[in-house]
Amino acid sequence: MSSDDSSHVPEKRDRREAVREKAQLVQAQQSRARAIRRGALATGIVAVVAVAAVVVTWVVGSAVSKPMLTPANSTHDGFAVTAVTGVAATAGLSGLGDPTPTPTPVAEEPTPDPTETQRGAVDIRVYVDYLSPQSRDFQVANAQQLASWVDQDAATLTYYPVAMLTSKSNGTKYSLRAASAAACVASFSRDSFFAFNHALLTQQPTVDSDGLDDKALADLAIASGAESPKTVRSCIQDETYATWAKGATERALKGLPDTDGAALTGAPMVLVNGKTYVGALDDAAEFAQFVLTIASDDYYVTPSPTPSTTP
């Protein structure tokens with residue numbers, strides 16, 4: 001009799017099916033694990049990108065929303081002198097000698113004196129860099145007669161702080177910081193601006209030196225009679241108007257207001273009724289004569305009102 005092994009076939013088939021099902025189950029588990037890892041990686045990338053976007057948005061938004069502060073009491077980036085008190089006491093103005101005498105006018109055609117204001121005050125504008133030796137020379141030579149003309153309402157005097165020599169102070173940017181300090185005093189202690197402006201020039205550091213630090217600038221402002229000393233000190237030491245000073249210099253280099261296309265070419269640059277003074281900066285008599293000549297020209301160009309007839 002022959003033997004029959006067909007009874008073992010279903011058992012083998014069952015084992016193969018079980019192995020196949022187990023393999024399929026393992027493959028499915030591995031597929032799910034890979035999908036989970038891919039999902040987690042994608043989520044992580046999205047999260048990183050989102051965080052980066054938030055950071056960039058915050059930085060850019062902060063930069064855009066931070067305004068450039070403009071100093072108070074300025075007109076076309078200049079500060080008009082409203083008071084000349086305290087200058088002699090803080091900056092040694094009394095040591096400059098007597099005021100320059102008024103030049104003698106021609107007898108046939110009298111020249112109006114700046115102290116006479118029949119036609120209005122003469123407009124004097126000075127673009128000044130506080131590290132410029134020439135700016136110091138002009139201030140030392142002319143401060144006393146400028147103060148006298150302003151005190152007598154014979155002239156309006158406006159200073160325009162610029163920072164053309166910012167790179168000439170061993171990297172401390174003294175010229176820029178001093179201009180910012182002047183803007184602080186003009187904004188918060190307007191009547192002491194002339195005294196501080198004078199002190200900055202007469203106590204000027206040398207070119208290519210570090211210059212005064214912000215604390216020393218604040219000390220000088222307070223010694224010049226600045227009101228609200230805490231506010232002025234904070235403004236100076238924070239360099240609040242440094243960005244404005246840089247912009248004001250760039251604007252002046254492109255063109256000056258109320259002139260026939262003139263632009264800033266150096267410091268100081270002195271304008272009298274819109275006309276540039278090209279004489280000696282350290283010669284008070286020459287500058288006084290220039291002012292008188294400009295005043296005379298404008299005096300005689302402007303027509304006089306016709307006097308009414310008295311019955």
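Every chain begins its residue count from 1, and numbering advances along the sequence as written. Residue-level local features of this predicted model are given only where pLDDT is at least 70; pairs of side-chain atoms are given and counted only at 80 or more, and the full residue set underlies all totals for whole chains, interfaces and linings. Values shown for side chains rest on all heavy atoms present in the structure; no hydrogens or waters enter the calculation.

## A look at the overall build of the chain
(1) Moving on: Only runs of H or I of at least four residues qualify as helices and only runs of E of at least two qualify as strands under DSSP, and these elements are numbered from the N terminus. Scanning the chain from terminus to terminus reveals 9 helices and 6 strands.
(2) Moving on: Each residue is assigned to one of three classes by its accessible area relative to the maximum for its type, calculated with a 1.4 Å probe on protein chains only: buried under 20%, partly exposed between the two thresholds, exposed over 50%. A total of 311 residues make up the chain; the buried ones form 35% of that total.
(3) Moving on: Two residues qualify as a contact provided that any one of their heavy atoms is within 4.5 Å of a heavy atom in the partner residue. In the chain, the proportion of contacts linking residues at least 24 apart, taken out of those at least 6 apart, comes to 76%.
(4) Moving on: In the structure as shown, the chain presents an accessible area of about 17600 Å², 56% of it carried by carbon and sulfur atoms. Reported accessibility uses the Shrake-Rupley method at a 1.4 Å probe radius. Residues are deemed covered only where the shown protein chains occlude them.

## Considerations on the pattern of salt bridges
(1) Moving on: Here, a salt bridge means any side-chain nitrogen of Lys or Arg that lies within 4 Å of a carboxyl oxygen of Asp or Glu. Applying the stated criterion to the full structure yields 6 salt bridges.
(2) Moving on: Here Asp123 ties to Arg125 by a salt bridge, and the two come within 3.5 Å at their closest N and O atoms.
(3) Moving on: Since its relative accessible area comes to 25%, Asp123 is described here as partly exposed.
(4) Moving on: Residue Glu250 is joined to Lys246 by a salt bridge in which the shortest nitrogen-to-oxygen separation is 2.7 Å.

## Describing the sheet that holds strand β4 (residues 155–161)
(1) Moving on: With mixed pairing, 6 strands are arranged side by side in an open sheet as β1-β2-β4-β3-β5-β6. Only two strands of the sheet have a single neighbouring strand rather than two, namely β1 (74–75) and β6 (275–276).
(2) Moving on: Here strand β2 (residues 78–80) runs beside β4; their pairing, made up of 2 bridges, is antiparallel. For Phe79, the partnering residue across the bridge sits in β4 and is Tyr159.
(3) Moving on: Helix axes are fitted only over the stretch in contact, all axes being lines through C-alpha atoms; the angle between N-to-C directions runs from 0 to 180 degrees. Helix-sheet contacts for helix α3 (residues 133–151) involve β3 (122–128), β4 and β5 (269–272), and the interaxial angle to β4 is about 150 degrees. Note on pairing: DSSP must find at least two bridges between two strands before they are called paired.

## Focus on the side chain of Gln145
(1) Moving on: Within the secondary structure, Gln145 sits in helix α3.
(2) Moving on: Contacts described as polar in this section are N or O atom pairs within 3.5 Å, which, within protein, must combine one atom able to donate a hydrogen with one able to accept it, while residues neighboring in sequence count only if both atoms come from side chains. A polar contact is formed between the side chain of Gln145 and the backbone oxygen of Ala284, at a distance of 3.1 Å.

## Here we look at the pairing of β3
Residues in a regular strand point their side chains to alternate faces of the sheet.
(1) Moving on: Summarising burial for β3: 6 of the 7 residues are buried, a large majority.
(2) Moving on: Here, the term right-handed applies to a crossover whose path from the first strand over the helix to the second runs clockwise when the strands point away from the viewer. Regarding the hand of the β-α-β motif, the stretch spanning β3, α3 and β4 is right-handed.
(3) Moving on: When β3 meets β5, the two strands line up antiparallel, connected through 4 bridges. For Ile124, the partnering residue across the bridge sits in β5 and is Val272.

## Quick word on the packing of aromatic side chains
(1) Moving on: Pairing of aromatic rings covers Phe, Tyr and Trp, the last through its six-membered ring, and needs centres within 6.5 Å; plane angles under 30 degrees mean stacked, over 60 mean edge-to-face, and all others mean tilted. In the structure shown here, the tally under the stated rule is 9 aromatic pairs.
(2) Moving on: Centroid distance Phe79 to Phe193: 5.6 Å. Interplanar angle 55 degrees. Geometry classified as tilted. With a gap of 114 residues between them, Phe79 in strand β2 and Phe193 in helix α5 (residues 193–202) connect regions that are remote in the sequence. In this pair, the class of Phe79 matches that of Phe193, namely buried.
(3) Moving on: Pairing Tyr277 with Phe290 gives two aromatic rings, centres 5.2 Å apart and planes at 55 degrees, and the pair type is tilted. On the criterion of sequence distance, the pair formed by Tyr277 in the loop between β6 and α9 (284–301) and Phe290 in helix α9 is long-range, its members being 13 residues apart. The pair Tyr277 / Phe290 is uniform in exposure class, with both members buried.
(4) Moving on: Put simply, the rings of Phe79, Tyr159, Phe193, Phe194 and Trp244 touch in pairs and so form one group of aromatic residues.

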